[in-house]
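Remarks on the overall topology
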Amino acid sequence: MGLAKRIIPCLDVKDGTTVKGTNFVNLRTAGDPVELGKRYSEEGADELVYLDITASYEGRKTFTDMVTRVAREINIPFTVGGGIYELQDVERLLLAGADKVSINSAAIRRPQLIDEIARRFGRQVCVCAIDARHEDGEWYCYLKGGRERTGLTLFEWAKEAEARGAGEILFTSMDNDGVKNGYANDALAQLSADLSIPVIASGGAGTMEHFRDAFSTGHADAALAASVFHFGEIRIKELKAYLKKQNINVRT
């Protein structure tokens with residue numbers, strides 16, 4: 001059956017609070033990030049992702065303190081992202097208790113950062129997050145939390161990130177984000193075919209069937225979601241029971 005598929009709640013953190021939006025805007029509050037993480041860990045999540053979505057220099061200490069508190073409270077791996085520009089930032093977050101780091105804009109601006117993280121800490125630590133939107137028949141990568149389009153395309157950038165040492169690709173479809181109409185399964189399937197490292201699906205979860213499709217049609221290795229978990233629309237234990245009935249290998 002291969003490796004078990006992973007279910008990953010994602011917590012976007014702004015000013016110490018979990019928030020969630022639609023198409024990267026219209027944020028609403030979802031609760032305390034440490035308490036939510038603890039709940040998800042107890043409910044059977046395989047991993048967690050914490051993203052400091054307004055990662056300013058001033059907010060770094062606050063976010064690092066939160067990472068330390070999360071590490072004390074949960075017993076599953078977790079990834080942190082936001083405001084990571086150099087090896088010193090990676091070291092700070094790993095020392096605070098994170099298992100992996102997620103880099104996005106900084107990696108596009110300076111791709112050598114991927115090589116540096118992989119060499120220093122091992123490629124398993126480096127998650128390359130890619131925010132992309134489908135426009136003019138192509139998937140274009142975006143910077144700055146979806147605010148600035150680049151000339152890079154999803155598939156070429158994902159291949160380069162893997163070649164440089166990324167351990168996983170976290171692909172968020174900006175078109176699907178928060179809309180709850182399902183993941184971008186065609187793009188996921190192509191990524192999964194192109195790469196030999198795990199692909200994490202992000203953007204679009206609204207029903208249990210959407211997770212099933214991300215695994216069966218998109219061939220994703222993991223599926224990440226936020227609002228359906230934060231607001232109690234889908235429970236992780238029930239989701240895993242459903243996926244097992246669909247002959248999808250998940251940890252229970």
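Refer to the structure printed above.
This section reports on the structure supplied with the text. (Residues numbered from 1 in each chain as written. Predicted model: local features only at pLDDT ≥ 70, side-chain atom pairs only at ≥ 80, totals over all residues. Heavy atoms only, no water.)

The subject of this paragraph is the overall build of the protein. The secondary structure content of the protein amounts to 10 helices and 12 strands. Over its C-alpha atoms the protein spans a radius of gyration of 17 Å, differing by no more than 12% from the 18 Å that the globule rule assigns to 252 residues. Out of the 252 residues in the protein, the part that is buried amounts to 56%. Long-range pairs, those at least 24 residues apart, make up 66% of the contacts in the protein between residues at least 6 apart in sequence. Within the structure as shown, the protein displays about 10,900 Å² of accessible surface, and the carbon and sulfur contribution to it stands at 46%. Seen as two clouds, the 32 positive and the 36 negative side-chain charges of the protein have centres 3 Å apart. (Helix = DSSP H or I, 4+ residues; strand = E, 2+ residues; numbered from the N terminus. Rg over C-alpha atoms; globule rule 2.2 N^0.38 Å. Buried < 20%, exposed > 50% of the residue type's maximum accessible area, 1.4 Å probe, protein only. Contact = heavy atoms within 4.5 Å. Areas by Shrake-Rupley, 256 points an atom, 1.4 Å probe, with all protein chains shown as cover. Lys, Arg positive; Asp, Glu negative; His and termini not counted. Charge placed at Lys NZ, Arg CZ, Asp CG, Glu CD.)

Next up on the list: helix 2 (residues 60-73). Since the α-helix turns once every 3.6 residues, residues separated by three or four places project in the same direction. For helix 2, with 14 residues, the first-to-last C-alpha span of 20 Å sits near the 20 Å given by 1.5 Å per residue. Among all positions in helix 2, only Arg60, Phe63, Thr64, Met66, Val67 and Val70 are buried. Along the axis of helix 2, the buried residues cluster in a sector spanning 155 degrees; they form a single face. Among the exposed residues of helix 2, those pointing more than 90 degrees away from its buried face are Lys61 and Arg72. (Expected span 1.5 Å × (residues − 1). Arc of directions from axis to C-beta.)

The subject of this paragraph is the pattern of salt bridges. As enumerated under the stated definition, the model contains 17 salt bridges in all. When the shortest N-O distance is used, the salt bridge between Arg251 and Asp46 registers 3.4 Å. Of the two residues, Arg251 is situated in the segment after helix 10 (236-245) and Asp46 in the loop between helix 1 (33-43) and strand 4 (48-52); the sequence distance between them amounts to 205 residues. Relative accessible area serves as the criterion here: at 44%, Arg251 is assigned to the partly exposed category. (Salt bridge = Lys/Arg side-chain N within 4 Å of Asp/Glu carboxyl O.)

Okay, the pairing of strand 6 (residues 100-103) next. Burial along strand 6 is two-sided: Lys100 and Ser102 and Val101 and Ile103, pointing in opposite directions, are all buried. Inspection of the sheet shows strand 5 (residues 78-81) paired to strand 6 by three bridges, in the parallel sense. Residue pairing for strand 6: Val80 is matched across the bridge by Val101. The pairing of strand 6 with strand 7 (residues 126-135) spans three bridges and is classified as parallel. Bridge pairing in strand 7 places Ser102 opposite Val127. (Pairing = 2+ DSSP bridges.)

This brings us to unusual backbone geometry. In this structure, Asp136 is a non-glycine residue whose phi angle is positive, near 55 degrees. By the element assignment, Asp136 lies in the loop between strand 7 and strand 8 (138-143). When its relative accessible area of 71% is taken as the criterion, Asp136 is described as exposed. At Lys180, a residue that is not glycine, the phi angle is positive and equals roughly 65 degrees. Within the secondary structure layout, Lys180 lies in the loop between strand 10 (168-173) and helix 7 (185-194). Residue Lys180 is classed as partly exposed on the basis of its relative accessible area of 24%.

Before going further, it helps to examine the nonpolar core. One finds Tyr50, Phe171, Phe211 and Phe229 to be the most contacted residues of the largest nonpolar core, which totals 73 residues. For this core, the element with the highest residue contribution is helix 6 (residues 154-164), accounting for five residues. Sequence-distant contacts of Phe229, that is, excluding residues within four places in its chain, are made with Ile7, Ile8, Pro9, Arg39, Tyr40, Phe211, Ile234, Ile236 and Leu239. In terms of nonpolar packing, the next biggest core, distinct from the first, is built from nine residues, Val49, Val127, Ile200 and Ala222 among them. (Core = buried A, V, L, I, M, F, W, Y, C linked by side-chain atoms within 4.5 Å.)

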